Amino acid sequence: GFVFPYEATQPLLKKDILYVADQQGRVLAIQRNLGFVLWETKVPGGVLGALAYGRSKLFVGNRNGDLLALNARDGSESWRFTSASKWLAVPAVSKMYNQVFARTSAGTLYALSETKGDLLWSYPNASDKKMTIWGSGGPTLFRDSEIFQGFDDGTLVALKAENGQLIWQKKLGLNRRFEDVDMSP
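This is a predicted model, so every value here is computed, not measured.

(A) Seen up close, the overall build of the chain. Each helix and strand counted, the chain has 0 helices and 16 strands in total. Out of the 185 residues belonging to the chain, those deemed buried represent 50%. Across the chain, every contact between residues at least 6 apart in sequence was considered, and the portion connecting residues at least 24 apart equals 41%.

(B) Just the nonpolar core, in detail. Membership of the largest hydrophobic core comes to 14 residues, with the highest contact counts inside it found for Tyr19, Val27, Trp39, Leu51, Leu58, Val60 and Leu70. Looking at this core, the elements with two or more residues in it are strand S2 (17-21), strand S3 (26-31), strand S6 (57-61) and strand S7 (66-71). In contact with Leu58, other than residues within four places in its own chain, are Leu12, Tyr19, Val27, Trp39, Leu51, Ala52, Tyr53, Leu68, Ala69, Leu70 and Ala72. Formed by 13 residues, the second largest nonpolar core is a distinct cluster that contains Ala50, Leu67, Ala69 and Phe81.

(C) Spotlight on the packing of aromatic side chains. All told, the structure shown has 10 aromatic pairs when counted by the stated rule. Measuring from centroid to centroid gives 6.2 Å for Tyr19 and Trp39, while their planes differ by 45°, and the two rings are tilted. Taken as a pair, Tyr19 in strand S2 and Trp39 in strand S4 (residues 37-42) lie far apart in primary sequence, 20 residues in all. Taken individually, Tyr19 and Trp39 each receive the classification buried, so the pair is uniform in this respect. Look at Trp87 and Tyr110: their rings are 5.8 Å apart centre to centre, the planes differ by 55°, and that puts the pair in the tilted class. Placement of Trp87 in the loop between strand S8 (77-82) and strand S9 (92-94) and of Tyr110 in strand S11 (residues 108-113) is noted, with a sequence separation of 23 residues between them. Neither residue differs from the other here; Trp87 and Tyr110 are each classed as buried. The structure contains a cluster of three or more aromatic residues connected by ring pairs, namely Tyr19, Trp39 and Tyr53.

(D) Quick look at the pairing of S7. Counting buried positions along S7 yields 6 of 6 residues, so the element is predominantly enclosed. Of the two faces of S7, the one holding Asp66, Leu68 and Leu70 and the one holding Leu67, Ala69 and Asn71 are both buried throughout. Pairing analysis gives 5 bridges linking S6 to S7, with the strands arranged antiparallel. Across the sheet, Gly61 pairs through a bridge with Leu67, a residue of S7. Direction of pairing for S7 relative to S8: antiparallel, over a ladder of 5 bridges. In the strand pairing of S8, Ala69 is matched with Trp79. As consecutive antiparallel partners, S7 and S8 are separated by 5 residues, and within that stretch Gly75 has a phi angle of approximately 85°, a positive value.

(E) Summary view of a nonpolar patch on the surface. A cluster of nonpolar side chains, contributed by Leu34, Phe36 and Leu38, occupies part of the molecular surface with about 320 Å² of accessible area. Position of Leu38 relative to the elements: it lies in strand S4.

(F) View of the pattern of salt bridges. Enumeration over the complete set of coordinates arrives at 5 salt bridges. With a closest N to O distance of 2.9 Å, Arg32 and Asp16 form a salt bridge. Placement of the pair is Arg32 in the loop between S3 and S4 and Asp16 in the loop between strand S1 (12-14) and S2, with a sequence separation of 16 residues. A relative accessible area of 43% means that Arg32 is categorised as partly exposed. A salt bridge links Glu114 to Arg55; the nearest nitrogen and oxygen atoms lie 3.0 Å apart. Placement of the pair is Glu114 in the loop between S11 and strand S12 (119-124) and Arg55 in the loop between strand S5 (51-54) and S6, with a sequence separation of 59 residues. Since its relative accessible area comes to 3%, Glu114 is described here as buried. Where salt bridges share partners, they join Asp66, Glu77 and Arg80 into one cluster.

Cut-offs used in this document
Residues numbered from 1 in each chain as written. Predicted model: local features only at pLDDT ≥ 70, side-chain atom pairs only at ≥ 80, totals over all residues. Heavy atoms only, no water. Helix = DSSP H or I, 4+ residues; strand = E, 2+ residues; numbered from the N terminus. Buried < 20%, exposed > 50% of the residue type's maximum accessible area, 1.4 Å probe, protein only. Contact = heavy atoms within 4.5 Å. Core = buried A, V, L, I, M, F, W, Y, C linked by side-chain atoms within 4.5 Å. Phe/Tyr/Trp six-rings, centres within 6.5 Å; stacked < 30°, edge-to-face > 60°. Pairing = 2+ DSSP bridges. Patch = residues over 30% accessible without salt bridge, like charges linked within 9 Å, V, L, I, M, F, W, Y side chains within 5 Å. Areas by Shrake-Rupley, 256 points an atom, 1.4 Å probe, with all protein chains shown as cover. Salt bridge = Lys/Arg side-chain N within 4 Å of Asp/Glu carboxyl O.

It is worth stressing that arrangement in space is one thing and function is another; only the former is reported here.
Shown next, in the form of structure tokens:
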């Protein structure tokens, strides 16, 4: 596959451990003070942006369509959820509902069980845009009860985190060629 000339996955710092992932699919836990590698694992397909932490798990999405939950302690796989699209955006994690919210590059927002990876609900954005910017902004969780998500057609939605029910939607962007919402709200 095509490799971009840059890394797009932002590292995560939790206590004294720095978690990083790259386009080659390497996911590492590095001790912050001394810089030694605590563990390293390989994710097929490479990571281009989708890395989040929740409780004792790392959530890593690859370009093959897999969203994986890795044990933060040792990098072993806890569960895997597969879609037909790439995972490019940073997931959000709700402690109240024990959910992981993640958006695919095709514009579907998924709510998954944090512990088992079971699909709880999904919100598809049926965009008919022929040309979009390659990328996607992840969901923003507010008070563990609302999710804000932007899509490639310039739509911003607010959803109930518990069940995915639409609260409101707003059309943003007046640009006729590119309307993508590629940043997290």
